[in-house]
Amino acid sequence: MRLRTRGVHLGGVFTVVAAIGLMLSASAQAGLPAPRLETPAASSSVEALPTFTWGAVKGAARYEFQLSADRKFASIVLGKGRGRGSQRTRNTAATLDKTVPDGTYFWRVRAISAKDDAGSWSSSRSVEKAWKSAPSLEAPADGFAVSWPSPPLVLRWSPVPYATKYLVTVATDRTLAQSVISLPNRPIETQGTVFSPRGGALSPGVTYYWGITPVDANGQRGTPSSVRSFTYSWDTRTSGRTEDLNTTPQVFDPLLSWNPIPGAARYEVEINPDDDFAAGSRVCCKERVLGTSLSPLRVLPNNNDFNGSSGYHWRVRAFDADNNPGRWNRQAAFEKAYDNVTPTVPNVAVETVGTTDAASASPLVTWDPVPGAVQYQVQWTVHSGGVCGWSNASGPVKTSALSWTPLSPTGFTGVPGGIGITQNMRPNGTLARAGQPFTTERAYSLPRVLPFSDGSTYCVRVRALSDDSFRENDNAISQVISQWSQVGGDENQPAFTYGGPPPASSDPATASQLPPPEYLSPVGGEVARTPVLRWKPVSGARRYFVLIARDSNFTNVIDAAFTAMPAYTPNLALEDEATSYFWAVIPASQSNGSGISGGPKSYNPQRFSKLSVPPSPIAPAAGSDEMTQPTFRWTPTESAQKYRIQVSTDPQFGDVLDDVVTASTAYTSQTPYPVGTPLFWRVRAEQHQVLQGASERVELRWSERRPFRRLLPVPTPASDNPTSGTLIPALTWSAVPGAISYDLHVDQSDGVAKDFNVRSPAFAPTQFYGTGIFSYKVRANFATRSGSVSSAYSETKAFTRIISPPANPRLTKTPTRLAFRWDPTAAATRYLVEVSRSDSFVKLLDSVRTDHTSWAPDLTKPDYAKGGTLFWRVASVDLGNNVGAYTLGRFSSPRAIQITVTGRVRRGRTGVLKLKLTDPSGKPVSKATVRVYGAGVRSVRRKSSKRGTLTVKVRPRRKASIVITARRMGYQNSRKTMPVR
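Read on for an overview of the structure.

Conventions used here
- Residues numbered from 1 in each chain as written.
- Predicted model: local features only at pLDDT ≥ 70, side-chain atom pairs only at ≥ 80, totals over all residues.
- Heavy atoms only, no water.
- Helix = DSSP H or I, 4+ residues; strand = E, 2+ residues; numbered from the N terminus.
- Buried < 20%, exposed > 50% of the residue type's maximum accessible area, 1.4 Å probe, protein only.
- Contact = heavy atoms within 4.5 Å.
- Areas by Shrake-Rupley, 256 points an atom, 1.4 Å probe, with all protein chains shown as cover.
- Patch = residues over 30% accessible without salt bridge, like charges linked within 9 Å, V, L, I, M, F, W, Y side chains within 5 Å.
- Salt bridge = Lys/Arg side-chain N within 4 Å of Asp/Glu carboxyl O.
- Lys, Arg positive; Asp, Glu negative; His and termini not counted.
- Charge placed at Lys NZ, Arg CZ, Asp CG, Glu CD.
- Disulfide = S-S within 2.5 Å.
- Core = buried A, V, L, I, M, F, W, Y, C linked by side-chain atoms within 4.5 Å.
- Pairing = 2+ DSSP bridges.
- Phe/Tyr/Trp six-rings, centres within 6.5 Å; stacked < 30°, edge-to-face > 60°.
- Lys NZ or Arg CZ within 6 Å of the ring centre and 35° of its normal.
- Polar contact = N/O pair within 3.5 Å; in protein donor to acceptor, adjacent residues only side chain to side chain.

**Describing the overall build of the protein chain**
And step 1. A tally of helices and strands in the protein chain yields four helices and 77 strands.
And step 2. Here the protein chain holds 981 residues, and the buried ones make up 50% of them.
And step 3. Sequence-distant contacts, at least 24 apart, represent 66% of the contacts inside the protein chain between residues at least 6 apart.
And step 4. If you sum the accessible surface of the protein chain, you get close to 43,600 Å²; carbon and sulfur atoms cover 48% of it.

**Focus: a positive patch on the surface**
And step 1. A contiguous patch of positive charge, built from Lys58, Arg931, Arg941 and Arg967, is present on the exposed surface.
And step 2. Within the fold, Arg931 resides in strand 72 (residues 929–933).
And step 3. Residue classification places Arg931 among the partly exposed residues on the basis of a relative accessible area of 31%.

**What about the state of the cysteines?**
And step 1. With the rule as written, the count across this model stands at two disulfides.
And step 2. Across the disulfide, Cys284 is cross-linked to Cys285 (sulfur-sulfur distance 1.6 Å). Of note, the bridge from Cys284 to Cys285 carries an S-S torsion of about 80° and is right-handed in sense. Cys285 carries the same exposure label as Cys284, and that label is buried.
And step 3. Covalently, Cys388 is tied to Cys459 through a disulfide, its sulfur atoms 1.9 Å apart. Negative torsions about the S-S bond denote left-handed disulfides, and the value of about -75° found for Cys388 with Cys459 makes this one left-handed. Note that Cys388 is positioned in strand 27 (residues 387–388) and Cys459 in strand 32 (residues 457–465), a separation of 71 residues in sequence. Each member of the pair, Cys388 together with Cys459, is buried.
And step 4. For the protein chain, the disulfide bridges join cysteines in the arrangement 1-2, 3-4, where the cysteines are counted in sequence order.

**Remarks on the pattern of salt bridges**
And step 1. The tally for this structure, following the rule as stated, stands at 34 salt bridges.
And step 2. A salt bridge links Lys861 to Asp846; its shortest N-O distance comes to 3.5 Å. Placement of the pair is Lys861 in the loop between strand 66 (854–855) and helix 4 (862–866) and Asp846 in strand 65 (residues 844–850), with a sequence separation of 15 residues.
And step 3. Through salt bridges with shared partners, one network takes in Arg644, Asp659, Arg684, Glu686 and Glu699.

**A short note on the nonpolar core**
And step 1. Counting 39 residues, the largest nonpolar core has Trp157, Phe230 and Ile271 as the members making the most contacts within it.
And step 2. For this core, the secondary-structure elements that each account for two or more residues are strand 11 (144–148), strand 12 (155–157), strand 13 (165–171), strand 16 (206–215), strand 17 (228–234), strand 19 (254–258), strand 20 (266–272) and strand 22 (313–319).
And step 3. Beyond its immediate sequence surroundings of up to four residues, Ile271 is in contact with Leu256, Arg282, Val283, Cys284, Cys285, Pro296, Leu300, Tyr312, His313, Trp314 and Phe334.
And step 4. With 31 residues, the next largest nonpolar core counts Ala541, Val546, Leu547 and Val585 among its residues.

**Topic: the sheet that holds strand 40 (residues 543–549)**
One key point about sheets: their strands pair by backbone hydrogen bonds, in either a parallel or an antiparallel sense.
And step 1. If you trace the five strands from one edge of the open sheet to the other, you get 38-44-43-40-41, paired in mixed fashion. Looking at strand neighbours, the two that pair on one side only are strand 38 (526–527) and strand 41 (557–563), the edges of this open sheet.
And step 2. Pairing of strand 38 with strand 44 (residues 606–610), which is carried by two bridges, proceeds in the parallel orientation. Counterpart to Val527 in the pairing with strand 44 is Lys610.

**A short note on the packing of aromatic side chains**
And step 1. The final tally for this structure, using the stated rule, is 33 aromatic pairs.
And step 2. Ring geometry for Trp380 versus Trp404: centroids 5.1 Å apart, planes at 15°, classification stacked. Placement of Trp380 in strand 26 (residues 375–384) and of Trp404 in strand 29 (residues 403–404) is noted, with a sequence separation of 24 residues between them.
And step 3. Classification of Trp380 by relative accessible area gives buried; the value is 3%.
And step 4. Through a chain of ring-to-ring contacts, three or more aromatic side chains come together here, namely Phe52, Trp54, Tyr63, Phe65 and Trp107.
And step 5. Across from the ring centre of Phe653, 4.1 Å away, lies the NZ or CZ of Arg682, which sits over that ring.
And step 6. Across the ring face of Tyr793, the terminal group of Lys777 is positioned such that the distance to the ring centre comes to 4.8 Å.

**Side note on the sheet that holds strand 10 (residues 137–139)**
And step 1. The three strands are arranged 10-12-15 in an open sheet whose pairing can be described as antiparallel. Single-partner strands in this sheet number two, and they are strand 10 and strand 15 (194–195).
And step 2. Sheet topology note: the strand 10/strand 12 ladder contains two bridges and is antiparallel. Bridge pairing in strand 12 links Ala139 to Arg156.

**Notes on the side chain of Asn329**
And step 1. The topology assignment puts Asn329 in strand 23 (residues 329–330).
And step 2. Within the structure, the side chain of Asn329 is placed 3.2 Å from the backbone oxygen of Arg327, a separation counted as a polar contact.
And step 3. For Asn329, the contacting residues outside a window of four places in its chain are Thr236, Arg237, Thr238, Ile261, Trp314, Arg315, Val316 and Arg317.

**Describing the side chain of Thr726**
And step 1. The residue Thr726 is located in the loop between strand 54 (724–725) and strand 55 (731–732) in this model.
And step 2. Among the polar contacts made by the side chain of Thr726, one reaches the side chain of Ser804 at a distance of 3.1 Å.
And step 3. Setting aside its immediate chain neighbours within four residues, Thr726 contacts Arg801, Ile802, Ile803, Ser804 and Ala827.

This is the structure in structure tokens:
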């Protein structure tokens, strides 16, 4: 057939070309038929794209495979060959390397000849990719009640085939729209099948809902799980106890304690006389505490000081690390009354102390100490008509001693030489001092002129004060005071008759030379409390100056008195001193203090040491290890108003960690002490004396120091924690009382260390890849006033991460097909498949990384055609591209016959071709059927010799190619062409 082109215009040229194309297409389609599609079947529905297979086409050198998202194949979605819209392969099977979204896809195949002539397309088939497998929720059960923090909340679900990640959603609604642990459009993403929230506690009393959505290697979301619910609660119930630290009936020193609440960071305690806990009536406590006990730092007022209430009510509640409060726990009320005994002040007595003339006797009032009392008040009145006129009583005067003596009924003009006191009398009768340190170091409020009348009978009474004042929420509350106690216990019983001061001397000249008195007490030695200074009356003396100093030269006078009686009790307590006190009595012959000569050193001064009995430490015991926030306790001491407790790392207390003043005999520390470091504590009593508005602190003797260590409880990893595995593990440990969070330290197998902070005693990483041994340890964190302090780490545990080999490997092998398959692995992000001629896999014949669980190589690598024994293996690859264990397989492929041709052929001439047939290793292939044809030669069919040789004469009639084929059972068919010149 001829094509005529003469006289055809330009448009005709296009027509001719189109015609040629149609004829060529028709010729190609006539030459190679369409392949017969095999699997998957038409309209199949699959979870993941499978291996696509078709029947072999005779004469096909390769095949072209297409997968499209539309029926017209205008939306090719192949992972391999993208850009040219097809996948070329010599295999009769094809696979994709990447996953695709759910939907309906269409596929077809056509054969291509050795001359690259394309055959007919097969009919297309549809396949629905529908990843329908959903996670099965395993724990907790639907409606489960979770009690934070133990057992911890751990969500678990089953792995889904083809999933590489999972999205975790926890919400307050069943539709999971109101997420609480992540943003609504950004749920938590994890590789594992377990999850434990790391953040703060969820809100108690709320029902939560949770669900899981799988995600494949390309980020495509699968079918969500069902939705389960759980209720979240924080059990903040606790029971409390009230203990009286002072067993004496006069004092109630409360120690409030309660059982620890798991998950509590701090506690709030309220003490209130109002049964309804009215805010304005609250008397304690403003600051939240760390421990599980509390002793008020100030003495509580007696109960009936508040609206007639007969008891204190108290309650406690916990706060978590996010400052969320628990419930109030109301505890049993307790009563508080000071000195609630009869008599309130025991053994009040009057001793008459006077001159040699008994008629001049003056009173020395004494009493026994009242536990908890820091000061006392003395009051007197005239006894007349058988009754004491307390409505017109004098005083009261305040003293810190356990005795009281009246001073001179008159003022003075002269002063002893060499000391810094003045003759001035303040309006209230207080003795004034000139110079330092007298006006600033101590102040006095006792009247120096007492209104006693000569010959009159007086009544005396005493009462105890437990504190100078009480203050809560910046509101001053009245002092805690006992009832009055009188001499003999009768409110109308007389105490003494005042005989007046000593009479004037009949010989003033002699009186000006009065000798030193004979001192009675204290004369040397130690005293435990502020003493009564006593001396024998000096004949001719009408008055006495009494001086107390810290030095023997009396340059540092700390107390001075002007009295008519041979006894004196300082009204302010004396501090404990490592050195001695010195005291002197200077007699005066005149009632105004005149008629003296010389300074105090001329009057035989005496000395004594003041060393009170210090508190005795009770707890912590010496050398103890304190596992909780320590509560310090000690014995009460006489006349202590406050106690100062110090804690230090230095046995000499040069670096003080705690320096706290409290009215109680217990204190629960709020300070984070160094863990494991030797610590020391001590306590001493203090008196804060207030007289006429002037205040001073009297520091008494320190107790012995006690060593202890602060240790924090250490979490214990659960015994059933996994020690190896492929999936992400959930690690749990014991919940530590008082812990607000936990630090998990992980040493990865690659040498990199990582630290995680979690609130719950459980941890499940959201990413975990790599193989080898991962070591971990955990410690607990505890709240402090300004941050947190950590315990020691637990013992180190190990987890060996393994990536198991894919299970159930399968191989499909025919003369025209090679395909590999295996079961999905839960930890795999993708799979690595390798083919080699040796089981060492040093040299690879082929390799691929695929998202799917099947692979069909395109067989274009030359080694496939060589045949023989081949090895293949497949391994899972995790998110970090770490390759796991391999599954190994082997298969045999027929060896190819190598055809070697020598000789030369030309058109129209007879030529000789020498053929040699060998296998890939060079061994001769005998008895192979050899056929020679093409280029117009007469077809020849013969067998090769034992040596694999054959000689053929040919006479080609046209220029083309002579085709030589060789076949033998157990070998691949071979074909070779030779051009004709």
